[in-house]
Number of protein chains: 2
Amino acid sequence: MDTNRKAPIGRPRGFDVDEALERAVVVFWERGYEGASLTDLTDAMGITRTSMYAAFGNKEELFRKALERYTEGPAAYGARALEEPTSEAVATALLNGSVRAATRPGFPAGCLGVQGSLAAGDPGRAARDALIDWRNVGWSRLDERFQRAVDEGDLPPHADAGVLARYVMTVANGIAVQAASGATREQLQPVADAALRNWPPV
Amino acid sequence: MDTNRKAPIGRPRGFDVDEALERAVVVFWERGYEGASLTDLTDAMGITRTSMYAAFGNKEELFRKALERYTEGPAAYGARALEEPTSEAVATALLNGSVRAATRPGFPAGCLGVQGSLAAGDPGRAARDALIDWRNVGWSRLDERFQRAVDEGDLPPHADAGVLARYVMTVANGIAVQAASGATREQLQPVADAALRNWPPV
DNA sequence: GAACTTTCGTACCGAACGGTACCGAAAGCG
DNA sequence: CGCTTTCGGTACCGTTCGGTACGAAAGTTC
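Here the residue index of a chain counts from 1 through its sequence in written order. Ligands are numbered from 1 and chains lettered from A, in the order in which they are written. Since the coordinates come from a predicted model, pLDDT governs what is reported: local features require at least 70, and pairs of side-chain atoms require 80 or more to be given and counted, while whole-chain, interface and lining totals use all residues. Just so you know, side-chain values use all the structure's heavy atoms and leave hydrogens and water out.

Draft legend 1. Region of interest: the interface of chain A and chain B. The interface is formed by 41 residues belonging to chain A together with 41 residues belonging to chain B. Here chain A meets chain B over a buried area of about 3500 Å², counting both sides, of which 59% is carbon and sulfur. Among the residues of chain A in contact with chain B, R31, L118 and R166 of chain A are the three that bury the most area, contributing 17% of the side total. Counted as salt bridges are all cases of a side-chain nitrogen of Lys or Arg within 4 Å of a carboxyl oxygen of Asp or Glu. On inspection of chain A and its partner chain B, the count reaches two salt bridges. Across the pair R31 of chain A and D122 of chain B runs a salt bridge, and its minimum N-O distance is 2.9 Å. The definition of a polar contact used here is a pair of N or O atoms within 3.5 Å, where within protein one atom must be able to donate a hydrogen and the other to accept one, and adjacent residues in sequence count solely through side-chain atom pairs. Counting every contact that joins chain A to chain B gives 12 residue pairs in polar contact (both at pLDDT 80 or more). Every residue pair with non-hydrogen atoms within 4.5 Å of one another is taken to be in contact. In short, buried area is how much 1.4 Å probe accessible area vanishes from two parts on joining, totalled over both.

Draft legend 2. The nonpolar core, seen in detail. In this structure, F146 and Y167 of chain A together with F146 and Y167 of chain B are the most contacted members of the largest nonpolar core, which totals 127 residues. In this view, F146 of chain B contacts S87, V90, A91, L155, A161, L164, A165, V168 and W199 of chain B; residues no more than four positions away in its chain are not counted. Take the buried Ala, Val, Leu, Ile, Met, Phe, Trp, Tyr and Cys residues and link them wherever side-chain atoms come within 4.5 Å; each set so joined is a nonpolar core. Exposure is judged per residue with a 1.4 Å probe applied to protein chains only, and the accessible area is read against the type maximum: over 50% gives exposed, under 20% gives buried, and values in between give partly exposed.

Draft legend 3. Spatial organisation of the relation of the copies chain A and chain B. When the copies are overlaid, the least-squares fit takes in C-alpha atoms only where the residue has pLDDT of at least 70 in both copies. Each copy superposes on the other: chain A lies on chain B with an RMSD of 0.1 Å after a rotation of 180° and an axial shift of 0.0 Å. Such values leave the two copies arranged in the relation of a two-fold axis. Minimal C-alpha separation from the rotation axis in chain A is found for G174 of chain A, amounting to 1.9 Å. Most of the interface of chain A is mirrored in chain B, where 100% of its interface residues again form contacts.

Draft legend 4. The side chain of S87 of chain B, seen in detail. All names here are of chain B. In this fold, S87 is placed in helix 6 (residues 87–102). Here S87 falls in the buried class, since its relative accessible area comes to 1%. The residues contacting S87, other than those within four sequence positions of it, are F146, A149, D154, L155 and W199. A run of H or I in DSSP becomes a helix once it reaches four residues, and a run of E becomes a strand once it reaches two; helices and strands are each numbered from the N terminus.

Draft legend 5. Local environment of the environment of Q187 of chain A. Looking at the secondary structure, you find Q187 of chain A in helix 10 (residues 185–196). Considering only alpha carbons, one finds Q187 of chain A and V99 of chain A, 88 residues apart in sequence, at a separation of 9.6 Å. With residues near it in sequence (within four places) discarded, Q187 of chain A still touches G182 of chain A together with R166 of chain B. A distance of 2.9 Å separates a polar atom in the side chain of Q187 of chain A from the backbone nitrogen of T184 of chain A.

Draft legend 6. Representation of the packing of helix 8 (residues 125–152) of chain A against helix 9 (residues 161–180) of chain A within the structure. Residue and element names in this part refer to chain A. Angles here are taken between N-to-C directions and fall from 0 to 180 degrees, while the axes themselves are lines fitted to C-alpha atoms, restricted in helices to the stretch in contact. Relative orientation of the contacting elements helix 8 and helix 9 amounts to 135°, with a least axis distance of 8 Å. By the criterion of interaxial angle, the relationship of helix 8 to helix 9 is oblique. As helix 8 runs across helix 9, the sense of the crossing is right-handed. On the side of helix 8, the interface is formed by R135, G138, W139, L142, D143, F146 and Q147, while helix 9 contributes A161, G162, L164, A165, R166, V168, M169 and N173. Polarity classes work like this: nonpolar for Ala, Val, Leu, Ile, Met, Phe, Trp, Tyr, Cys and Pro, charged for Asp, Glu, Lys and Arg, and polar for all others, with Gly in that last group. Grouping the amino acids of the contact of helix 8 with helix 9 by side-chain chemistry returns eight nonpolar, four polar and three charged. Orientation is classified from the angle alone, with under 35 degrees giving roughly parallel, over 145 giving roughly antiparallel, 65 to 115 giving roughly perpendicular, and any other angle giving oblique. What makes a crossing left-handed is the near helix being turned counterclockwise from the far one by less than a right angle; a clockwise turn instead makes it right-handed.

Draft legend 7. View of the domain arrangement of chain A. All names here are of chain A. Segmentation of the chain into domains, including their bounds, is taken from an automatic or database domain assignment. By the assigned domains, chain A splits into domain 1 (14–59) and domain 2 (74–196). Computed from C-alpha coordinates alone, the two centres of domain 1 and domain 2 are separated by 26 Å. Counting residues at the interface gives eight residues for domain 1 and 17 residues for domain 2. The contact between domain 1 and domain 2 buries some 890 Å² in all, and 69% of this surface belongs to carbon and sulfur atoms. Between domain 1 and domain 2 we count zero salt bridges in total. Grouping the amino acids of the side of domain 1 that touches domain 2 by side-chain chemistry returns five nonpolar, one polar and two charged.

Draft legend 8. Examining the packing of aromatic side chains more closely. Here the aromatic set is Phe, Tyr and Trp, taking the six-membered ring for Trp, and pairing holds for ring centres within 6.5 Å; pairs whose planes are under 30 degrees apart are stacked, those over 60 apart are edge-to-face, and all others are tilted. A complete count under the given rule lists 14 aromatic pairs over all chains for this structure. Consider the rings of F28 of chain A and Y33 of chain A, whose centres lie 6.0 Å apart with planes at 15°: the pair is stacked. Relative accessible area serves as the criterion here: at 6%, Y33 of chain A is assigned to the buried category. Every member of this aromatic cluster is reached through a ring pair, and the members are W29, Y70, F107 and W134 of chain A. The rule is short: NZ of Lys or CZ of Arg within 6 Å of the ring centre and within 35 degrees of the ring normal puts a charge over the ring. The ring of Y33 of chain B has K59 of chain B lying over it, and the distance from NZ or CZ to the ring centre is 4.5 Å. Across from the ring centre of W139 of chain B, 4.7 Å away, lies the NZ or CZ of R166 of chain B, which sits over that ring.

Draft legend 9. Structural context of empty space enclosed by the protein. Of the grid points, spaced at 1 Å and generated over the protein atoms alone, those admitting a 1.4 Å probe that cannot get out make up cavities, while open sets with protein on both sides within 12 Å along at least five of seven lines make up pockets; any residue with an atom within 4 Å of a point is treated as lining. Grid points are joined across faces, edges and corners, and a volume is the space filled by probe spheres set on the points. Counting across every chain of the model gives two cavities of 30 Å³ or more. Lining the largest cavity are 22 residues, and of these E34, S117 and A119 of chain A together with E34 and A119 of chain B sit closest to its centre. Taken together, the residues of the lining of the largest cavity break down into eight nonpolar, 10 polar and four charged. Forming the walls of the second largest cavity are Y167, A194, A195, R197, N198 and P201 of chain A together with Y167, A194, A195, R197, N198 and P201 of chain B. Looking at the lining of the second largest cavity, its residues break down into eight nonpolar, two polar and two charged.

Shown next, in the form of structure tokens:
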């Protein structure tokens with residue numbers, strides 16, 4: 001049944017898809033969807049246009065796959081934070097992770113999920129909407145997690161999980177903007193600490 | 001000395017510069033610098049390309065002038081907030097104003113100073129850098145204001161004005177991102193309230 | 001080996017980009 | 001009335017955009 005697992009017919013691909021995708025993540029992260037041209041992307045990926053189209057479809061799908069990759073890679077702190085035992089630990093892990101990811105040496109400053117495309121013309125609307133979804137899914141997961149904390153008694157019964165989740169996401173998004181403006185890790189960590197003092201901000 | 005104040009020689013301009021600039025502000029606000037084409041801009045401004053170039057120089061200078069206009073118009077709450085008597089009133093006015101401006105009906109959601117250009121390719125670098133300056137000037141003004149509050153005893157002597165200013169700017173930037181993601185005024189005002197509870201977050 | 005399937009590199013497509021040359025039109029000046 | 005000066009509209013510039021046609025190259029299967 002599993003004959004030729006490693007040798008599909010036809011000429012084999014001459015590059016590593018995952019590695020090429022990681023290179024594309026960096027370009028989108030640094031220049032945004034509209035600012036990243038196909039030439040920028042394929043140069044960084046080390047492949048030709050035709051190879052990119054054959055492997056990923058088109059620029060829009062490449063962006064979607066790059067966003068998935070980003071979520072599992074540089075932004076994986078988000079999913080990990082949700083597994084912390086208390087709401088305070090969740091919020092702390094999320095904001096500390098956001099500071100670290102937005103100021104990691106060797107990577108663009110900021111967050112792909114924010115600066116990939118906030119405002120766009122017609123050709124970039126699909127990418128912008130994909131990022132809006134991405135951010136709203138993040139809020140939704142955090143909302144559910146905080147609602148669970150309310151049910152468990154970890155947060156006071158009158159706490160509004162939705163507002164708390166939006167508060168944390170707002171600070172995380174702001175940290176990304178600040179990092180894109182040149183703020184350093186040393187400047188942003190105290191901001192995350194300040195946002196987490198007196199948790200929850202009932 | 002002031003002869004012909006109102007009638008310079010040559011054919012007079014057939015449109016109102018300020019009104020055209022306000023239309024351009026909305027286009028940049030909605031589509032970002034790179035997403036706003038000259039056709040988008042001149043169509044909205046109701047003038048031709050040549051008139052735009054004669055009046056404003058080029059796309060980059062038009063963006064700079066639009067940003068000035070935005071600062072004096074929709075973002076004027078920032079300068080007003082600095083005149084509040086206490087640091088808490090300053091922070092409150094700034095965040096409440098940011099919520100209102102980012103969700104004003106009839107205008108694009110979010111903040112031109114954030115979504116105008118966060119990440120950009122080579123042709124948009126100048127606009128991106130102009131916005132980085134714009135945001136950093138905002139932080140600097142707030143830093144000075146909070147430092148004054150420390151000197152006046154309105155903030156405790158050990159308070160770090162720079163951190164407090166960055167905290168407020170971070171929340172304001174996050175509010176802008178949230179608004180661009182579709183968050184409503186009713187959803188964002190409680191976030192601003194939460195950020196201001198227990199002021200200052202020593 | 002031959003036949004087949006897929007990838008890769010080049011060279012190109014039409015469209016849109018920011019920006020400009022040119023010329024007629026409209027005003028103040030003598 | 002010329003004359004000068006500036007504005008406004010058209011038509012165009014070279015470049016870059018995202019996307020593709022096509023043939024050569026590189027593998028597997030017979």
